[in-house]
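# Secondary and tertiary structure notes
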Amino acid sequence: CYVGGRADNGFDEKYPIMKEYFGKFRHDDLKVGIFIGKNLSHELENKILCSSKVCLNIHDKYQRVLVTSDGNERTFKSLACNGLMVSDAEGLLPKFFPELPVAKSADEMYELTHHYLKMPEDELNTIRNKYSTLVKTNHTYINRVHEATEFTND
């Protein structure tokens, strides 16, 4: 599944990226839910993320070009709710989640998703628990406030 927005920054640069990556799943037999700009309630978004086998994640073009540590909220929501995410490559992911495989192309996202879906359920649950616990322990809004406070006091 993918739950997110188009994030049109005036140049609409994310839309072609989304079409390229999500287009790989268009003619697949998988049940893929792509929810772009649907204004889902937090409750429904959480239900979708928690009940999906794999969450997908796409970043804006500027995040790819600048290779910033500016991730998106979906990264943390997907990993906290589901623990299993296939994301495009972006600067924040190797910093916070160095062992998380990332897709450097639309083909890699498609292949990685299928790789996860073929894994035994016990292996998937080990991965899910690892990343869900990691996010809930280290990457909450409260953690970010503490980090910001420490930064301003230095």
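Because the structure is a prediction, the values reported are computed rather than measured.

This paragraph deals with the overall build of the protein chain. When helices and strands are tallied, the protein chain shows eight helices and five strands. In the protein chain, the order of α-helices and β-strands from amino to carboxyl end is β-α-β-α-β-α-α-β-α-β-α-α-α. If you line up the protein chain on its principal axes, its C-alpha atoms span 55 × 45 × 30 Å. When each of the 154 residues of the protein chain is scored for burial, the buried share is 39%. For the protein chain, the accessible surface area stands at approximately 9,200 Å², while carbon and sulfur atoms represent 54% of it. Averaging the positions of the 20 positive and the 23 negative side-chain charges in the protein chain gives two centres separated by 5 Å.

This part takes up a nonpolar patch on the surface. Together, Tyr-62, Val-65 and Leu-66 make up a nonpolar patch on the protein surface, roughly 310 Å² of accessible area in all. Since its relative accessible area comes to 57%, Leu-66 is described here as exposed.

A low pLDDT score tells you not to read the predicted coordinates there in detail. Of all residues in the protein chain, 95% have pLDDT values of 70 or greater, and the mean over the chain is 89. Per-element mean pLDDT across the protein chain ranges from 74 in helix H3 (residues 61-66) up to 97 in helix H6 (residues 106-118).

A few words now on the nonpolar core. Counting 29 residues, the largest nonpolar core has Leu-56, Ile-58, Phe-97, Met-109 and Tyr-116 as the members making the most contacts within it. Counting residues per element, the ones that place at least two in this core are helix H1 (14-23), helix H4 (73-81), strand S4 (85-88), helix H5 (92-96), H6 and helix H7 (121-138). Here Tyr-116 is in contact with Val-54, Leu-84, Met-85, Val-86, Pro-101, Leu-124 and Ile-127, once residues within four sequence places are set aside. Membership of the second largest hydrophobic core comes to five residues, among which are Val-3, Ile-48, Leu-49 and Cys-55.

So, on to the pattern of salt bridges. When their charged atoms lie close together, side chains carrying opposite charge are able to pair. Throughout the structure, instances matching the rule amount to eight salt bridges. Of the charged contacts in the structure, one is a salt bridge between Glu-43 and Lys-47, with a shortest N-O distance of 3.5 Å. Taken together, the residues span about one helical turn, with Glu-43 and Lys-47 both in helix H2 (residues 42-51) at a distance of four residues. Of the two residues, Glu-43 and Lys-47, both sit in the exposed class. Of the charged contacts in the structure, one is a salt bridge between Lys-77 and Glu-73, with a shortest N-O distance of 2.9 Å. Taken together, the residues Lys-77 and Glu-73, both in helix H4 and four residues apart, mark about one turn of the helix. Residue Glu-73 is classed as partly exposed on the basis of its relative accessible area, which comes to 41%. In this structure, a network of salt bridges that share partners links the residues Glu-45, Glu-73 and Lys-77.

Turning next to the sheet that holds strand S3 (residues 55-57). A sheet is described by the order of its strands in space; here three strands give the open sequence S3-S4-S5, paired in parallel fashion. Unpaired on one side and paired on the other, S3 and strand S5 (102-103) mark the two borders of the sheet. Bridging between S4 and S5 involves two bridges; their strand directions are parallel. Residue Asp-88 lies in a different strand from S5, and its bridge partner there is Ala-103. In this fold H6 packs onto S3, S4 and S5, with an angle of close to 170° to the strand it touches most, S4.

Criteria and cut-off values
Residues numbered from 1 in each chain as written. Predicted model: local features only at pLDDT ≥ 70, side-chain atom pairs only at ≥ 80, totals over all residues. Heavy atoms only, no water. Helix = DSSP H or I, 4+ residues; strand = E, 2+ residues; numbered from the N terminus. Buried < 20%, exposed > 50% of the residue type's maximum accessible area, 1.4 Å probe, protein only. Areas by Shrake-Rupley, 256 points an atom, 1.4 Å probe, with all protein chains shown as cover. Lys, Arg positive; Asp, Glu negative; His and termini not counted. Charge placed at Lys NZ, Arg CZ, Asp CG, Glu CD. Patch = residues over 30% accessible without salt bridge, like charges linked within 9 Å, V, L, I, M, F, W, Y side chains within 5 Å. Salt bridge = Lys/Arg side-chain N within 4 Å of Asp/Glu carboxyl O. pLDDT = per-residue confidence, 0-100. Core = buried A, V, L, I, M, F, W, Y, C linked by side-chain atoms within 4.5 Å. Contact = heavy atoms within 4.5 Å. Pairing = 2+ DSSP bridges. Axes fitted to C-alpha atoms, helices over the stretch in contact; angles between N-to-C directions.

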